[in-house]
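So you can see what is in the structure, the chains are spelled out below.
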Amino acid sequence: MGESIHEQAERFHRDRLRVGAPGLGLTGADREVREQQMRQGDADRRDRTFHLFVYGELRSSRKDSSLLDGCEKVAVTTVQGTLYHVDGRPALMLAGPGRVEGEVWRCGVERLPELDRHQQVGDGIFRRVGVQVDEWACWTYVLGPKLAPRLIDAHRIESGVW
């Protein structure tokens, strides 16, 4: 049986910590201490978290922002891509020369199933994919196969801001 998405996320971030990935602030003695803790099985909060780039209704003070209660907002930033308005909701495509404004959040891995349900991943409305946003490796939700046929150029949001 394969790894669950939670196990994959934990392994992904644990591996980033092990190699002292940029942006995580682990260098020299800090990295040695962290590696020793990992060898001893002393998982800390960061081992059980992931970063999420949000660009629509999950952003601060928006309609669905309460789904991120208990998460930590890390940054307001942009990602390369194109933002569309499809069926009353924003939809990101990680393609094109534009920039899409959003926020990076750090959340516990136990939050992933709830976010996937909210984004209707199982129904094909959105897909959860990995994206590099500045120094953070993030999950984000992009246009899924059920919304794709409704995508037309006239629905593009040129400003990249929902």
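Reading guide: rules and limits
Residues numbered from 1 in each chain as written. Predicted model: local features only at pLDDT ≥ 70, side-chain atom pairs only at ≥ 80, totals over all residues. Heavy atoms only, no water. Helix = DSSP H or I, 4+ residues; strand = E, 2+ residues; numbered from the N terminus. Contact = heavy atoms within 4.5 Å. Areas by Shrake-Rupley, 256 points an atom, 1.4 Å probe, with all protein chains shown as cover. 1 Å grid on protein atoms, 1.4 Å probe; cavity = no way out; pocket = protein on both sides within 12 Å on 5 of 7 lines; lining within 4 Å. Points joined across faces, edges and corners; volume = space filled by probe spheres on them. Nonpolar A, V, L, I, M, F, W, Y, C, P; charged D, E, K, R; others polar. Pairing = 2+ DSSP bridges. Axes fitted to C-alpha atoms, helices over the stretch in contact; angles between N-to-C directions. Disulfide = S-S within 2.5 Å. Buried < 20%, exposed > 50% of the residue type's maximum accessible area, 1.4 Å probe, protein only. pLDDT = per-residue confidence, 0-100.

### Things to note about the overall build of the protein
When helices and strands are counted, the protein shows 3 helices and 8 strands. What you see in the protein, going N to C, is helices and strands ordered as α-α-β-β-β-β-β-α-β-β-β. In the protein, of all internal contacts separated by at least 6 residues, the share reaching a separation of at least 24 is 64%. Summed over all atoms, the accessible surface of the protein reaches about 8700 Å², with 48% contributed by carbon and sulfur.

### A look at the layout of surface pockets
Computed from the structure, the largest pocket encloses a volume of approximately 270 Å³. Every residue lining the largest pocket is counted, 17 residues in all, and those nearest its centre are Glu57, Arg89, Pro90, His118 and Gln119. Across the lining of the largest pocket, the residue classes tally to 8 nonpolar, 5 polar and 4 charged.

### Examining the sheet that holds strand β7 (residues 136–143)
Read across the sheet, 5 strands follow the order β2-β5-β1-β7-β6 without closing on themselves; strand pairing throughout is mixed. Only two strands of the sheet have a single partner each, and these edge strands are β2 (72–80) and β6 (126–133). Shown here is a sheet whose adjacent strand axes are inclined to one another by a mean of 35°, direction ignored. As paired elements, strand β1 (residues 49–54) and β7 share 2 bridges and run parallel to each other. By the bridge assignment, His51 is partnered in β7 with Cys138.

### Quick word on the environment of Glu72
You can see Glu72 is positioned in strand β2. Sequence separation between Glu72 and Trp105 is 33 residues; the distance between their C-alpha atoms is 5.5 Å.

### Thoughts on the state of the cysteines
Within this structure, the stated rule accounts for 1 disulfide. A disulfide bridge connects Cys71 with Cys107, and the sulfur atoms are separated by 2.4 Å. Taking the sign of the S-S torsion, about 120° here, the bridge from Cys71 to Cys107 comes out right-handed. Here Cys107 lies in strand β5 (residues 99–108) and Cys71 lies in the loop between β1 and β2, a separation of 36 residues in the sequence. Assessed through its relative accessible area of 13%, Cys71 is described here as buried.

### Regarding the confidence of the model for the protein
Overall, the prediction assigns the protein a mean pLDDT of 83, with 71% of residues at 70 or greater. When the elements of the protein are averaged for pLDDT, helix α1 (residues 5–18) gives the smallest value, 51, and β5 the largest, 98. Per-residue pLDDT stays below 50 along residues 16–24; that stretch engages in 20 contacts with residues further than four places along the chain or on separate chains.

### Considerations on the environment of Val109
Checked against the element boundaries, Val109 lands in the loop between β5 and α3 (112–118). For Val109, a relative accessible area of 6% gives the class buried.

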